[in-house]
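# Observations on the model geometry
Listed below are the residues making up each chain.
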Amino acid sequence: MSTIDLNAPPPNHQYSVSVEREETIGERRVRLFKDVALFLVAIGFVVLIVGLCYSTLSSATATAEEKKWAMSVLSAAAGGIIGYLVRK
């Protein structure tokens, strides 16, 4: 087994030391619950906005201006989802 002198590392080498705290099972469960809850709230919010826009578009009493607004929101949502999926 070879030893390395940390006061004089070999040429073209670097070293780093890190101390990290290990995540406990309870902390992992809380973190995962928080992530899932946030994801579900975001999905619910998106579904609510899409539903509102769809009801505006299919409404006979909505004005042309309201329908343009709903179409622009749906177009932005579709573009965002496509951009997220393509990741460019």
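Just so you know, the residues in each chain are numbered from 1, in the order the chain's sequence is written. Reporting in this predicted model follows two pLDDT cut-offs: at least 70 for local features of residues, and 80 or more for side-chain atom pairs to be given and counted; totals over whole chains, interfaces and linings ignore these cut-offs and use all residues. Note that the side-chain values use all heavy atoms of the structure and ignore hydrogens as well as water.

## Digging into the overall build of the protein
Each helix and strand counted, the protein has 2 helices and 0 strands in total. By the compact-globule yardstick of 12 Å for 88 residues, the protein is too spread out, its C-alpha radius of gyration being 26 Å. With respect to the three principal axes, the spread of C-alpha positions in the protein is 80 × 35 × 20 Å. Here the protein holds 88 residues, and 5% of them are scored as buried. Each accessible area is a Shrake-Rupley estimate made with a 1.4 Å probe; only the visible protein chains count as cover when residues are assessed. Counting only carbon and sulfur atoms, one obtains 65% of the accessible surface of the protein, whose full area is about 8,300 Å². Within this scheme the basic residues Lys and Arg register as positive and the acidic residues Asp and Glu register as negative, but His and the chain ends are omitted. In plain terms, the charge of a residue is placed at NZ if it is Lys, CZ if Arg, CG if Asp and CD if Glu. Here the protein contributes 9 positively and 8 negatively charged side chains, and the mean placements of these two sets differ by 10 Å. Helix and strand labels come from DSSP, where a helix needs a run of H or I of at least four residues and a strand needs a run of E of at least two; each type is numbered from the N terminus. C-alpha atoms define the radius of gyration in this analysis, and the globule rule sets the expected value at 2.2 Å times the number of residues to the power 0.38. In this scheme, a residue with accessible area under 20% of its type's maximum is buried, one over 50% is exposed, and one in between is partly exposed, where area comes from a 1.4 Å probe on protein chains only.

## Focus: the packing of aromatic side chains
For this analysis, a ring pair means two rings from Phe, Tyr or Trp (six-membered ring only for Trp) whose centres lie within 6.5 Å, classed as stacked if their planes differ by under 30 degrees, edge-to-face if by over 60, and tilted for the remaining angles. Under the counting rule described, the total for this entry stands at 0 aromatic pairs. Counted as over-ring charges are cases with an Arg CZ or a Lys NZ within 6 Å of the ring centre that also lie within 35 degrees of the ring normal. Taking the ring centre of Tyr84 as reference, the NZ or CZ of Arg87 above it sits at 5.0 Å.

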